[in-house]
Amino acid sequence: MRITYLILLLALLAWKGWHAWRRGRNNYRRDRQTYASLWEYQLGNGVSQREVRRPFLIQSLQRALLPVVKQWKLWAVVAAIGILIWLLS
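A brief report on the enclosed structure follows. (Residues numbered from 1 in each chain as written. Predicted model: local features only at pLDDT ≥ 70, side-chain atom pairs only at ≥ 80, totals over all residues. Heavy atoms only, no water.)

1. Remarks on the environment of Gly 44
So, point 1. Structurally, Gly 44 is set in helix α2 (residues 36–44).
So, point 2. For Gly 44, a relative accessible area of 64% translates into the label exposed.
So, point 3. With 28 residues separating them in the primary sequence, Gly 44 and Trp 72 have C-alpha atoms 42 Å apart. (Helix = DSSP H or I, 4+ residues; strand = E, 2+ residues; numbered from the N terminus. Buried < 20%, exposed > 50% of the residue type's maximum accessible area, 1.4 Å probe, protein only.)

2. A short note on the packing of aromatic side chains
So, point 1. Across all of its chains, the model carries two aromatic pairs by this definition.
So, point 2. A ring pair is formed by Tyr 28 and Phe 56, whose centres lie 6.5 Å apart and whose planes are at 85°; its orientation type is edge-to-face. Here the residue Tyr 28 occupies a position in helix α1 (residues 2–34), and Phe 56 occupies one in helix α3 (residues 49–70), the gap between them amounting to 28 residues. The same class applies to Tyr 28 and to Phe 56, which are both buried.
So, point 3. An aromatic cluster is built from Tyr 28, Trp 39 and Phe 56, whose rings are joined through pairwise contacts.
So, point 4. The ring of Trp 39 has Arg 32 sitting right over it, with the charged end atom 3.6 Å from the ring centre. (Phe/Tyr/Trp six-rings, centres within 6.5 Å; stacked < 30°, edge-to-face > 60°. Lys NZ or Arg CZ within 6 Å of the ring centre and 35° of its normal.)

3. A few points about a nonpolar patch on the surface
So, point 1. A cluster of nonpolar side chains, Leu 6, Leu 10, Leu 13, Ile 83, Trp 86 and Leu 87, forms an exposed patch at the surface whose accessible area comes to about 580 Å².
So, point 2. Going through the elements one at a time, α1 and α4 (72–88) are the ones with two or more residues in the nonpolar patch.
So, point 3. Along the polypeptide, Leu 6 turns up in helix α1.
So, point 4. Judged by its relative accessible area of 33%, Leu 6 falls in the partly exposed class. (Patch = residues over 30% accessible without salt bridge, like charges linked within 9 Å, V, L, I, M, F, W, Y side chains within 5 Å. Areas by Shrake-Rupley, 256 points an atom, 1.4 Å probe, with all protein chains shown as cover. Salt bridge = Lys/Arg side-chain N within 4 Å of Asp/Glu carboxyl O.)

4. Some details on the packing of α1 against α4
So, point 1. In contact at an axis separation of 10 Å, α1 and α4 are set at 160° when each is read in the N-to-C sense. One finds that α1 runs roughly antiparallel with respect to α4. The way α1 lies across α4 gives a crossing that is left-handed. Contacts between α1 and α4 involve Arg 2, Tyr 5, Leu 6, Leu 9, Leu 12 and Lys 16 on the former and, on the latter, Trp 75, Val 78, Ala 79, Ile 81, Gly 82 and Trp 86.
So, point 2. Residue composition of the contact of α1 with α4, by class: nine nonpolar, one polar and two charged. (Axes fitted to C-alpha atoms, helices over the stretch in contact; angles between N-to-C directions. Parallel < 35°, antiparallel > 145°, perpendicular 65-115°, else oblique. Left-handed = near helix turned anticlockwise from the far one by under 90°. Contact = heavy atoms within 4.5 Å. Nonpolar A, V, L, I, M, F, W, Y, C, P; charged D, E, K, R; others polar.)

5. Comments concerning α3
So, point 1. The first and last C-alpha atoms of α3 sit 32 Å apart over 22 residues, in line with the 32 Å expected at 1.5 Å per residue.
So, point 2. The largest bend along α3 measures about 30° and falls at Ala 64, with the proline Pro 67 one to four residues further on.
So, point 3. By the burial criterion, the buried members of α3 are Val 52, Phe 56, Ser 60 and Ala 64.
So, point 4. Along its buried surface, α3 packs onto α1 and α2. (Expected span 1.5 Å × (residues − 1). Bend = angle between axes of the 7 residues up to and from the residue.)

Quick look at the structure:
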């Protein structure tokens, strides 16, 4: 029972992580295509690659992780039930 719950919990976390990564990657690509002229403009004015990339990365991380954080209450309940089952069995 313990191993089964652990495997299910890890599979669920991996699934959510993969979807968050994919959502962030797609958002980053879409923003880079949409704002390609802004990217080139800033590079042409002497801004470093790191400084130009930072707002795109921050926005993609926010869009990727915000839905997962909003579902945190559900994850806390699932984890608490799992810990209780683990301790009681």
